[in-house]
Amino acid sequence: MRRTPTAWLSFGLAMLVAAPAAAQGPVELSSAPVPENQAWKGQVLGTGEATAFPVRINATMGDVTNAEGLVDPSKGPAKLTYSGTGQPPVIILDYGREVGGLPFFVASAVPASGATLRAAYSEAREFLWTPGNTTLFSPAAAGDTNLKVAAVGNFVVGDTLTIAGSAVKITAVGTQGRATTLAAAADAGATNLKVASVTGLVADSTITVAGQPVQIATVGTQGANGTGITLAAPLPEAAATGAAVRYEGTGITIDTPLTAAQAAGVNVRSTPGAITGDRVGFNGVGMSGSRAENHTFTAPGRVGNAPNMMQGGQRFQTVSLTTPGTLELSRVGIDFRHPNSGAEDYQGYFLSSDSKLNKVWYQGAYTNDTNSVPIGAVPGQTIPVILDGAKRDRRPWSGDLDLQGRTAFTSLGLGAKGSDYIKGTLHAFGGTQQPDGRIYGHIQNWTVWPPSGGFYSTSYSMYHVLSVAGLYHYTADLEFVRSQYEIIKRQLAYNKSLVDPVSGFLITNAGGDGRDWDFYDGGKPGAVTAYNAIYYKALTDAAYLATELGNSADAATWTAEAAALKTRINAALFDPVRGVYKLADRNNGNTSGNAVPQDANAEAVMWDIAPDSAKPGILSWLRTNLWGTFGPQPYSPEANYSTVISPFITGKEVDARFHARDTQGAFDLIHLMWDQMVDPDGPYYTGTVWEKLNRDGTDVDANASLAHGWGSGPVSSLSHYVAGARPVTAGYKTWIVDPQPGPLEWAQATLPTPHGGLAARWVRGEGNRSFRLTVSAPQGTSGTVRMPLLGRSRTIAMDGAVVWQDGRALGGVSAVERDGAVEFSGVTGTHTFAFGTVTSETPGTVGGTVPATLSLSFDAPARFDPFVPGVEQVYDASTTAHVISTAGEATLSVSDPGHLTNGAFSLPEPLQVTLSKSSWTAPVSNDPVTIAFKQKIGVRDPLRTGTYAKTLPFTLSTTTP
């Protein structure tokens, strides 16, 4: 092996000369307030306009021309032409976001015979249609092209019909089969039959009676005493009471014969189905009962929905002509019956360096808007209310109000555009209280007094206390608290009547009073942890309100009861082995009381039922065991409850994580749950937040709400914890600004207060080298500012002067270091706090030299397996060489290896050597080279006892050292 000579050169370092510091220190940074970023106004989805118009044409079907005229009126009217048969003309309109109110249609030309326009509505495009779904009423033979079916609803000519895996086209849709029985015995020769039902039976059709085919002459009324059905000919044989009467119907005709016989009861489906719109249910006053409606034109002009026939929430709308002729539509729109508040109406805002979080905030705020019903929106309405959902349920629900309140208070703010909707709804719920103290869970009609509705559950009844306390905490409206105080006392007395004197827990049963947000899971019996947590919160909130009203005796009673309940919850309902709270103190059928609920554990953390030491373990367990691809499961599997994901309860977990300072966990959970809602290309995008979703991320069904205020939890979470501003005492008389930056570069918000806006705006420098926080508080308020230290001690300045250095306050400010931040107390007015890194930007020089180096080293010597005499075989061995070269190029070579020798003996076959790499065109360090050896031993090769070996010369060389 040959190596070039190596010359070791000296290493030199020039001293860096300090230059004047750049203006990055705390004094300079704190002298420049963080400005408000006006870009937040472009995030607001409401426009302040009175009418919504479609923003694009999604699709057309049938004979439609110039559909774009319904988006851009300057292009002229859209024309829909229908021959009376085949595919009717259909236009699918997209409003781009959730809108609700009274639809209207303007025609510029109408057929002389008039026209019927059919409109359908849906939040998601896929639910505009309802597929046909039925079974075979009678068996079908191979070769049949007509199917007798149990129902024909939503089957449409031209749709694809699927039966037993085969897909065919529908060419005609007739009538469905009907089955009834004789309501009275019929003698042979009878011409009148008494039947249990006459539904679907028609004159001149053939039926079978106990298997006997007969023809109907006339159809009368049903029942043993009805007029029955008259036959065209006498009944051949007698039939007993209860004998089967069957009408096959004319069925569905298909374009392709069946390839195999099919039995009665086989499933028959069609797609896409009839245009029906999505589904609504359990709606309140002023709402249309159908998502598809007919409108009649007798002349050009405008038609639309009556004031009490609102379409509450939709993104998509279809318009179709169902009568022959050509209809010209010049305008289609929806007159808003929710506020549609624009940026000028927002007293609060949020903006950050994360665009998805920004969208979550504004979609959540807009969701509340779509759920709000202003005075006069419904005939006879005199108070503003906020509903459960824009489309469904269009009723106020008490369990939603606490969260919807926080959303309103932090976005649209206080007064007519925001808090009045919460206040009006709470006033209505207070009016539903029953003599025993219970409060309704939902209100069907808020235009009458007392409001009509119904009791739902114990938990929803208790939520009234939480919501009143929340309203007061943000607005300081003590008069409203006073108006509700006796209602609160009766509510808590009712709760106390449900407390078991032995265990001290509030007890519910498996019936209605044990229901909660997950109505589909039914009632939960026993000492349910979530309900006792809500009861604890109701007691502490009531004590707070009593104190504010000066009712110290009530406050003391409720405070003591809350403390005792908290102790019992932690003693009996906390599982110390897993470190989480369990569902309840008992099982309920196949539901284990030891199941772990998301709601109770989140509530225990955010309401400080759980001790601080337990909070990290609780949150870790929820993340590890409940989080999935599209959001958390609401219960662990042993609950055997629905796996439907709840944004409502997940919002509680977000707050719990921020409250426990699991900042990254809170950010992760928001993105996990809400990013899918703000994706404009997603199948369920509405510009609003959702009620629920399936475990696989799909919408639950056509009845589920895609604009549900209870999913807006991140609105207040982001304002209160990321921007960091929240009230300490009622109406923000005292406040705290305590930002949790997480991964963000900057964030800012203004929080509405009765005194004016409380602003918090912060910017973080790269690598946490600086942090600047501007706080602007309204006159008459004071608070605490927590400057995060981001992992190390800092020098902090305020408004250009150092106020914290070397772990102590300077300049007369009151400050203390606590939990990773410096707390400045007694702050009033507008101030900018900052820390920064003083650095030099004057260039210095530093350098070094590299010695010329060529180096080749080897691992252990290569060794063949023992050679076996008399057996022909090729033996392999290898080793690894390592190349170091500082040259511009280098070459590795090996001379002729010759033959392995053992003393005077040598092998007949030559040794073979190959290199995995033999040249380099740039410097390398410790570059490995595999050196492979092969040795053939022939069947007649003589082998001498001993070791065969050879030393090989490898050369690493270069021409450009």
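Quick notes on the rules
Residues numbered from 1 in each chain as written. Predicted model: local features only at pLDDT ≥ 70, side-chain atom pairs only at ≥ 80, totals over all residues. Heavy atoms only, no water. Helix = DSSP H or I, 4+ residues; strand = E, 2+ residues; numbered from the N terminus. Polar contact = N/O pair within 3.5 Å; in protein donor to acceptor, adjacent residues only side chain to side chain. 1 Å grid on protein atoms, 1.4 Å probe; cavity = no way out; pocket = protein on both sides within 12 Å on 5 of 7 lines; lining within 4 Å. Points joined across faces, edges and corners; volume = space filled by probe spheres on them. Nonpolar A, V, L, I, M, F, W, Y, C, P; charged D, E, K, R; others polar. pLDDT = per-residue confidence, 0-100. Contact = heavy atoms within 4.5 Å. Pairing = 2+ DSSP bridges. Salt bridge = Lys/Arg side-chain N within 4 Å of Asp/Glu carboxyl O. Buried < 20%, exposed > 50% of the residue type's maximum accessible area, 1.4 Å probe, protein only.

**Q** Which parts of the structure should I look at to understand the side chain of Gln176?
**A** Here Gln176 shows up in the loop between strand S11 (166–173) and strand S12 (178–181). Reaching out from Gln176, the side chain makes a polar contact with the backbone oxygen of Ala150 at a distance of 3.3 Å.

**Q** Would you explain the layout of surface pockets in this entry?
**A** Considering only enclosed or pocket space, the largest pocket measures out at about 1,200 Å³ in volume. Elements that contribute at least two residues to the lining of the largest pocket include exactly helix H3 (398–410), helix H5 (458–475), helix H7 (529–549), helix H10 (615–626), helix H11 (647–659), helix H13 (713–723) and strand S32 (725–727). No other element matches H5, which puts six residues into the lining of the largest pocket. Counted by class, the lining of the largest pocket contains 17 nonpolar, nine polar and 13 charged residues. Put simply, the second largest pocket is a space of about 790 Å³. Along its surface, the second largest pocket is lined by 28 residues, and Ala862, Arg863, Tyr948, Ala949 and Lys950 are the ones closest to its centre. Per-class residue counts for the lining of the second largest pocket are 18 nonpolar, five polar and five charged.

**Q** I would appreciate a short explanation of the confidence of the model for the chain in the present structure.
**A** Any residue range with low pLDDT should be treated as having predicted coordinates unsuitable for detailed reading. Across the chain, pLDDT averages 95, with 97% of residues at or above 70. Of the regions scoring below 50 in pLDDT, residues 1–23 engages in 35 contacts with residues more than four places distant in sequence or in other chains.

**Q** Explain the pairing of strand S33 (residues 734–737) to me, please; I cannot follow it from the model alone.
**A** Relative to S33, S32 runs antiparallel, the two sharing three bridges. Across the sheet, Ala725 pairs through a bridge with Val737, a residue of S33. Where S32 folds back onto S33 in an antiparallel hairpin, the turn is made up of six residues, including Gly731, whose phi is positive at roughly 65 degrees. Looking at chain direction, S33 and strand S37 (residues 782–788) are connected through four bridges and run parallel. The residue of S37 that forms the bridge with Val737 is Val785.

**Q** Is there a simple way to think about the pattern of salt bridges in this case?
**A** Oppositely charged side chains may form a pair once their charged atoms are brought near each other. Evaluated as defined, the whole model comprises 38 salt bridges. The salt bridge involving Asp345 is made with Lys417; its shortest N-O contact spans 3.9 Å. Taken as a pair, Asp345 in the loop between strand S24 (325–336) and strand S25 (349–352) and Lys417 in the loop between H3 and helix H4 (419–430) lie far apart in primary sequence, 72 residues in all. A salt bridge links Arg657 to Asp662, with the nearest nitrogen and oxygen atoms 2.6 Å apart. Judged by relative accessible area, Arg657 falls into the buried class, the value being 2%. Among the residues examined, Asp662 registers a relative accessible area of 24% and is labelled partly exposed. Taken together, the salt bridges that share partners define one network made up of Arg661, Arg726, Asp738, Arg786, Arg818 and Glu823.

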